[in-house]
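Chains, contacts and geometry: an overview
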Amino acid sequence: MTEKRFSINDRRLINGPVNNLMQIRPVKYSWAMQLLEQQQNNAWDQREVDLSEDAKQYATGLLTEGNLTAYKKALAFLSNLDGIQLNNLTKNIGKYITSPEVSMCITRQAWEEAQHVLSYAQMIESIGFDPDEIYWMFDTDPILAEKNEYITRSSEILGSGFSEENFVKAVVANIALEGIYFFNGFLIFYTLERQGLMRNSAKMIQLIQRDEEGTHLPLFINMWKTLRMELPHIFTDKLIAECRELIRLAAQHEIVWGKYIISEGVLGLTDTILEGFIQSLADKRLEAIGLDILYGAKNPITWFDDASKINLGETNFFEGKNASYVAGGSLEWD
Ligand SMILES: [Fe+2]
Ligand SMILES: [Fe+2]
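This section reports on the structure supplied with the text. None of the values given here were measured: they were computed from a predicted structure.

If you tally the helices and strands in the protein chain, you get 13 helices and zero strands. N-terminal to C-terminal, the α/β element order of the protein chain is α-α-α-α-α-α-α-α-α-α-α-α-α. What you see for the protein chain is a C-alpha radius of gyration of 20 Å, in line with the 20 Å of a compact globule of 334 residues. Projected onto the principal axes, the alpha-carbon positions of the protein chain cover approximately 65 × 45 × 35 Å. Here the protein chain, with 334 residues, has 55% of them falling under the buried criterion. Restricting the contact set of the protein chain to residue pairs at least 6 apart, pairs at least 24 apart contribute 79%. Separation of charge centres in the protein chain, based on 31 positive and 46 negative side chains, amounts to 6 Å.

If you want it as structure tokens, here you go:
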């Protein structure tokens, strides 16, 4: 055996002793085990969501041009983003973690991002869109191309050379990704749902959001807190300012994107509403990691949290799996 024995007290989130045997007992990071259990409880499969009603609404022209543009652009960005995140976790973040229990969370998360990619693929196909038009939209849409490029660059902070400081920044980039970048997209689907449109697409989004906000975001927030405890000396004013700036830039990008995708008109959404929505999210994420807020904004979309709740009472949501479904995540089951 080449593995060297070490004590649980020697374990670190990064740059700790490596145990490729994945010994997870005794547990060092109990928050990671709790999140892993939550991830297991949240298990789902895109095939459980029947999109035929949505396909009919699309085929019979029920969506206005403005709604359709917003739907397709949201779908294009979200599917691109989950692809970027899947690669980010497996090729960047994952390889630097030296805690077996946190590695398991990241591995599980990577699968969940793959699950989300499959979900968007099912939406593209079942509803009857041209897959190339959606996946490659950035080829013809410079605003989407710019956004994808910026996010890919931020996810490659570690690719430019590993350092503890860069790892912290990568964690913050992930907090922005899981907790800010997805949300204009989610909002579009819930807004259409409120008009009685594409309701099952919104159900798929609820399941995805429960993963992103319910477990992926807390995973990175806990990693931040752990890094602050284990490496207090690297959290200088400069690093803190850089982390805050990452959140500010994410919010700025997301606001531009949100305004752009509703520019042909989506009932109930305006530029001012979108701006307040994203700014309030940015503040919430900063508060979660103990940093000063940027905007002091209040979420103008008071119905958002309710819209993102999964309602098990509805028929035609899942086919035959309702009773066995396990409740979990930050979203509650009605
Ligand atoms: Fe995802
Ligand atoms: Fe995620």
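This is not the end of the story, as more comes after the structure.
With that settled, the discussion passes to the packing of aromatic side chains. One pass over the structure, following the stated rule, counts 15 aromatic pairs. Every member of this aromatic cluster is reached through a ring pair, and the members are F182, F183, F186, Y190, F277 and F304. One Lys or Arg, R285, reaches over the ring of F183 and ends 5.3 Å from the middle of that ring.

Turning next to the coordination of the iron ion (ligand 2). Reference values for angles at a metal are 109.5 degrees in the four-donor tetrahedral case and 90 or 180 degrees in the six-donor octahedral case. The protein atoms donating to the iron ion (ligand 2) are E113 (OE), E178 (OE), E178 (OE), E212 (OE) and H216 (ND1), with metal-donor distances spanning 1.9 to 2.3 Å. Counting residues between consecutive donors of the iron ion (ligand 2) along the chain gives the motif E-x64-E-x33-E-x3-H. The distance between the iron ion (ligand 2) and the iron ion (ligand 1) comes to 3.5 Å, and E113 binds to both of them. Taken together, the residues E178 in helix α8 (residues 164-181) and H216 in helix α10 (residues 199-230) connect sequence positions 38 residues apart. For H216, a relative accessible area of 0% translates into the label buried.

Moving on to the coordination of the iron ion (ligand 1). Each protein donor to the iron ion (ligand 1) is listed here as D82 (OD), E113 (OE), H116 (ND1) and E212 (OE); together their distances run 1.8 to 2.2 Å. Between the four donor atoms coordinating the iron ion (ligand 1), the angles at the centre fall across 84 to 136°, so the site counts as irregular. Sequence spacing of the donor residues for the iron ion (ligand 1), all on one chain, is D-x30-E-x2-H-x95-E. Given the relative accessible area of 0%, E212 is considered buried.

Residues V102, M123, F186, M223 and W224 are the most contacted members of the largest nonpolar core, which totals 100 residues. Residues contacting M223, with those up to four places away along its chain left out, are L13, W31, I93, I97, V102, I106, F167 and V171.

Attention now moves to the pattern of salt bridges. One side chain can pair with another of opposite charge once the charged atoms of both are near each other. Tallied over the full model, the rule gives 13 salt bridges. Taking the shortest distance from any N to any O, the salt bridge between E133 and K72 comes out at 3.0 Å. On the criterion of sequence distance, the pair formed by E133 in helix α5 (residues 131-135) and K72 in helix α3 (residues 65-91) is long-range, its members being 61 residues apart. For E275, the salt bridge identified is with K259, shortest N-O distance 2.7 Å. Here E275 is found in helix α12 (residues 271-288), whereas its partner K259 is found in helix α11 (residues 237-261), with 16 residues between them in sequence. Looking at K259, the relative accessible area reads 25%, which means it is partly exposed.

Of note, the amide linkage connecting R25 to P26 takes the cis form, showing an omega dihedral of 0°. By the secondary structure assignment, P26 is in the segment before α1 (30-41). Positive phi, normally seen in glycine, also occurs at N15, with a value near 55°. Looking at where N15 falls in the secondary structure, it is placed in the segment before α1. Classification of N15 by relative accessible area gives partly exposed; the value is 48%. Residue M22 is not a glycine yet carries a positive backbone phi of 55°. Accessibility expressed as a relative area gives 33% for M22, which makes it partly exposed.

Rules of the game
Along each chain, numbering runs from 1 in the same order as the chain's sequence is written. Lettering of chains starts at A and numbering of ligands starts at 1, both following the order in which they are written. Predicted model: local features are reported for residues with pLDDT of at least 70 only, side-chain atom pairs are reported and counted for 80 or more only, and whole-chain, interface and lining totals are derived from all residues. Remark: hydrogens and water are excluded; side-chain values derive from all non-hydrogen atoms of the structure. Secondary structure elements are taken from DSSP: a helix is a run of H or I of four residues or more, a strand is a run of E of two residues or more, and numbering for both begins at the N terminus. Atoms counted for the radius of gyration: C-alpha only. Globule rule: 2.2 Å times residue count to the power 0.38. Each residue is placed in one exposure class: buried if its accessible area under a 1.4 Å probe, protein chains only, is under 20% of its type's maximum, exposed if it is over 50%, and partly exposed if it falls in between. Whether two residues are in contact is decided by their heavy atoms, any of which lying within 4.5 Å being enough. Charge counting treats Lys and Arg as positive and Asp and Glu as negative, with His and both chain ends excluded. Charge positions come from single atoms, namely NZ of Lys, CZ of Arg, CG of Asp or CD of Glu. Geometry of aromatic contacts follows a simple scheme: Phe, Tyr and Trp rings, the Trp one being its six-membered ring, pair when their centres are within 6.5 Å, and the pair is stacked under 30 degrees between planes, edge-to-face over 60, tilted otherwise. Think of it as a cone above the ring: NZ of Lys or CZ of Arg counts as a charge over the ring if it is within 6 Å of the ring centre and within 35 degrees of the ring normal. Note: metal donors comprise N, O and S atoms at 2.8 Å or less from the metal (3.2 Å for Na, K and Ca); water molecules are not included, so apparent gaps in a site are possible. Key to geometry: four donors with every angle between 85 and 135 degrees are tetrahedral; four donors are square planar and six octahedral where opposite donors lie over 155 degrees apart and all remaining angles lie between 65 and 115; all other sites are irregular. For our purposes a nonpolar core is just a set of buried Ala, Val, Leu, Ile, Met, Phe, Trp, Tyr and Cys residues, chained together by side-chain atoms within 4.5 Å. For salt bridges, the criterion is a side-chain nitrogen of Lys or Arg within 4 Å of an Asp or Glu carboxyl oxygen.

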